[in-house]
Amino acid sequence: MAARIHGGAGAGAATALSTFNPKKLVAPSRTNLPARSSKRCIVAAAGSDASKSLRVGHSQKLIANAAVATKAETSATTGTGHELLLFEALQEGLEEEMDRDPHVCVMGEDVGHYGGSYKVTKGLADKFGDLRVLDTPICENAFTGMGIGAAMTGLRPVIEGMNMGFLLLAFNQISNNCGMLHYTSGGQFTIPVVIRGPGGVGRQLGAEHSQRLESYFQSIPGIQMVACSTPYNAKGLMKAAIRSENPVILFEHVLLYNLKEKIPDEEYICNLEEAEMVRPGEHITILTYSRMRYHVMQAAKTLVNKGYDPEVIDIRSLKPFDLYTIGNSVKKTHRDVPTPYAGTLEEWTVVQPAQIVTAVEQLCQ
Amino acid sequence: NKRGGRVKLQPMVMPQSEFDHAEKEGALYGKVMVHESVEFLLVQKPVSVAFGRFAVKIKGGDMALSRLTSRSNGISRPLSTAFGRFISTDTTPITIETSLPFTAHLCDPPSRSVESSTQELLDFFRTMALMRRMEIAADSLYKAKLIRGFCHLYDGQEAVAIGMEAVITKKDAIITAYRDHCIFLGRGGSLYEVFAELMGRQDGCSKGKGGSMHFYKKDSSFYGGHGIVGAQVPLGCGIAFAQKYVKEEAVTFAMYGDGAANQGQLFEALNISALWDLPSILVCENNHYGMGTAEWRAAKSPSYYKRGDYVPGLKVDGMDAFAVKQACKFAKEHALKNGPIILEMDTYRYHGHSMSDPGSTYRTRDEISGVRQERDPIERIKKLVLSHDLATEKELKDMEKEIRKEVDDAIAKAKDCSMPEPSELFTNVYVKGFGTKSFGADRKEVKAALP
């Protein structure tokens, strides 16, 4: 029962995602305000039901709701274009870059013959051979170091961590070598490496596999960090990251891998340092990225119904911050609400970590 | 001293000189004397010739005796024609026996006879003396507070750098840890760059932004210069991977110490190298002390060459430049064909771990002076040069004086160099600048736009 929205706003998230639904948490608060009628009654009624129906209800509303803004980029792609899931978009980006430049290689656990633990590198080993798509043993520290060493000589490795949490084992290599070599060598060596991996809360993956490591990596000088949220920007950012001369860490989210969207046929790359304006508005700016974008967009619908006009920006580039877009936006609205992961927006809680914990506990009972 | 002092002092086995041979000795001296006297007759100025126990003053002048010279060319003992006038530039081959045999693990050790030449011998002496002088000068600069931070000195271990350089090309990569001054010099770096970088000036090899531990030279494939112990070994295996990827027929020497030999990432990298058949050579410079901890207190198995288990290894006397040369040659051939190999260089450092470490709290002074007397690499080469009559004591002393002057000149020039500009703080953080603002500690004071 997954509703598929083509080219629509962030509502593309309304496909098969989490089993626990944050809307369930929001619903009770909404019933506090009986003034707004039909939509929310439907929400409340379906509240007891687990996940998808609620989402479907919302997504259907979203199509109907005129306040939904369409993304500037995808509106240009209606017409030609092909539909694919986010991990396929990543794969396409990777494959195109590997075709284009023989220096690009992929290293990671199970990326080769297995096809990648999230199928991002499926089929690449057969196409490019074992020397370009390398299955490594389970030694993050060493193979991240090897990727960086190879990058010093001019190769462009794409290092996949099976889970961002595993990259903590390689933190020394990423922080000390990857980030600093360009500086300490006075510019002699560039490290055009891409470190990517899924992170974030999945479905009951446990504490160690559900970490968000952006804040740890934020403090490392010399690296760039980007987070993708839709198939369009996943492919674009992957390509841009591979072509960049800087080390780039590409954060993906476990639960976003099955997002479906239509993306252009022609080649495109996204700017690594730019934020994406998801929904222009007037009253208040909400900054978000990755999975939270979808939660914020849904909250935005409710806000619109309540008469607010939020501006939603998907910041995409976590380091360096796109202060230009953000600054302009905040100047316009004079209020901003960052939702790094858990946002609070008056009583319209998007998702709080505490609420995730409660929901998981409820599910586990 | 409970913490150290167990380094074995292997006395240096002098190469057997034919001059000491019981029977041949007198005849040889006579033959040499005739040969040399005839040679020098061609020279117009009087020279003082010293060889063995004889010092003869010869006056030159008769060109007609050149016929005699040509007849005497068939002398059995190879002898350099330059003898007191100028240091030899010819490449008369010399075979030298290493003082100790190689110990091998899972491979056949190479032979003990090393092919060398007179030119090489003198080069070795000169470069090692230069390295030694440079390190001692760095010591005094540190004490004069011109060099700050960390300074890890390599004196005592010069033979490893020299022997390695003798057999590899500029395409073969070397990566090492923080004791990198001499290896940088061996790779073609200049003294001026070294001192400028040590003192943080902008003409340094890393523009003053790296310091003692971050020397790099991209055009000669010297990948540095790393502060974190052991982290350079996976980097080195990655460089070997890249060399294999582009099919370069080059190898990578990833150097580390006995302290780093206990790092896990080493074994991880070795596993991958062996799996993928990478041309990486792991060189353990075993100076028996990991900062303040002796190897017997840090490693259950101090045979670092065996630690590779399935990877072959070779134990080499690291104070003998020719043994190092032979081992590196062997290793390079091995790595190009069969994948990784470990070399353990048994060496010693005279200084402490770094300048803040006196070096005597965990070792005995007797041990240090004992090694200096018995196994010093420069002394060894000096004795070889003298016994092969390639130069006199005086000439070698003159060479050392010249080197001293060269080092002093480089220091003076580096002292004159300017410090890097403040805007350099923000360059090279990213390759392409973003034009975004970057702030210093005080947001209002230090601001710069990233280029």
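Residues numbered from 1 in each chain as written. Chains lettered and ligands numbered in written order. Predicted model: local features only at pLDDT ≥ 70, side-chain atom pairs only at ≥ 80, totals over all residues. Heavy atoms only, no water.

The name given to chain B in an unreviewed UniProt entry is Pyruvate dehydrogenase E1 component subunit alpha, with Brassica napus as the source organism. Taken verbatim from the UniProt record of chain B, the Function (unreviewed entry) comment is "The pyruvate dehydrogenase complex catalyzes the overall conversion of pyruvate to acetyl-CoA and CO(2). It contains multiple copies of three enzymatic components: pyruvate dehydrogenase (E1), dihydrolipoamide acetyltransferase (E2) and lipoamide dehydrogenase (E3)." Quoted straight from UniProt, the Subunit (unreviewed entry) entry for chain B says "Tetramer of 2 alpha and 2 beta subunits." (UniProt positions renumbered as here; feature names shortened; annotations may be inferred.)

By the naming in an unreviewed UniProt entry, chain A is pyruvate dehydrogenase (acetyl-transferring), taken from Brassica napus. Within the UniProt record for chain A, the comment given under Cofactor (unreviewed entry) is "thiamine diphosphate". Taken verbatim from the UniProt record of chain A, the Catalytic activity (unreviewed entry) comment is "N(6)-[(R)-lipoyl]-L-lysyl-[protein] + pyruvate + H(+) = N(6)-[(R)-S(8)-acetyldihydrolipoyl]-L-lysyl-[protein] + CO2".

## Notes on the sheet that holds strand E5 (residues 194-199) of chain A
Residues and elements named next belong to chain A. As summarised here, the arrangement of the 7 strands in space is E3-E2-E4-E5-E7-E6-E12, forming an open sheet in which the pairing is mixed. Each end of this open sheet is capped by a strand with a single partner; those strands are strand E3 (133-135) and strand E12 (317-319). Within this sheet the neighbouring strands show an average axis-to-axis angle of 20°, counted without direction. Where strand E2 (residues 104-108) lies against strand E4 (residues 156-160), 5 bridges are found, and the strand directions are parallel. (Pairing = 2+ DSSP bridges. Helix = DSSP H or I, 4+ residues; strand = E, 2+ residues; numbered from the N terminus. Axes fitted to C-alpha atoms, helices over the stretch in contact; angles between N-to-C directions.)

## What to know about the domain arrangement of chain A
Residue and element names in this part refer to chain A. When cut into domains, chain A gives domain 1 (81-264) and domain 2 (276-364). If you look at the interface, domain 1 gives 23 residues, while domain 2 gives 16 residues. Taking both partners together, domain 1 and domain 2 bury about 1,600 Å²; carbon and sulfur atoms supply 58% of that area. At the surface where domain 1 touches domain 2, the tally comes to 0 salt bridges. Those elements that provide at least two residues to the side of domain 1 that touches domain 2 are helix H10 (214-218), strand E6 (224-227), helix H11 (231-243) and strand E7 (248-253). Counting residues per element, the side of domain 1 that touches domain 2 draws most heavily on E6, at 4 residues. A per-class count over the side of domain 1 that touches domain 2 returns 14 nonpolar, 7 polar and 2 charged. (Domains from an automatic or database assignment. Contact = heavy atoms within 4.5 Å. Buried area = accessible area lost by both parts, 1.4 Å probe. Salt bridge = Lys/Arg side-chain N within 4 Å of Asp/Glu carboxyl O. Nonpolar A, V, L, I, M, F, W, Y, C, P; charged D, E, K, R; others polar.)

## Digging into the sheet that holds strand E6 (residues 173-175) of chain B
All names here are of chain B. On the basis of which strands lie adjacent, the open sheet formed by 6 strands has the order E4-E11-E12-E8-E7-E6 and mixed pairing. Among the strands making up the open sheet, the edge pair consists of strand E4 (103-105) and E6. Neighbour-to-neighbour, the strand axes of the sheet open up by a mean angle of 20°, direction not taken into account. For strand E7 (residues 252-257) and strand E8 (residues 280-286), the ladder comprises 6 bridges, and the chain directions are parallel. Within E8, the position partnered with Tyr256 by the bridge is Cys284.

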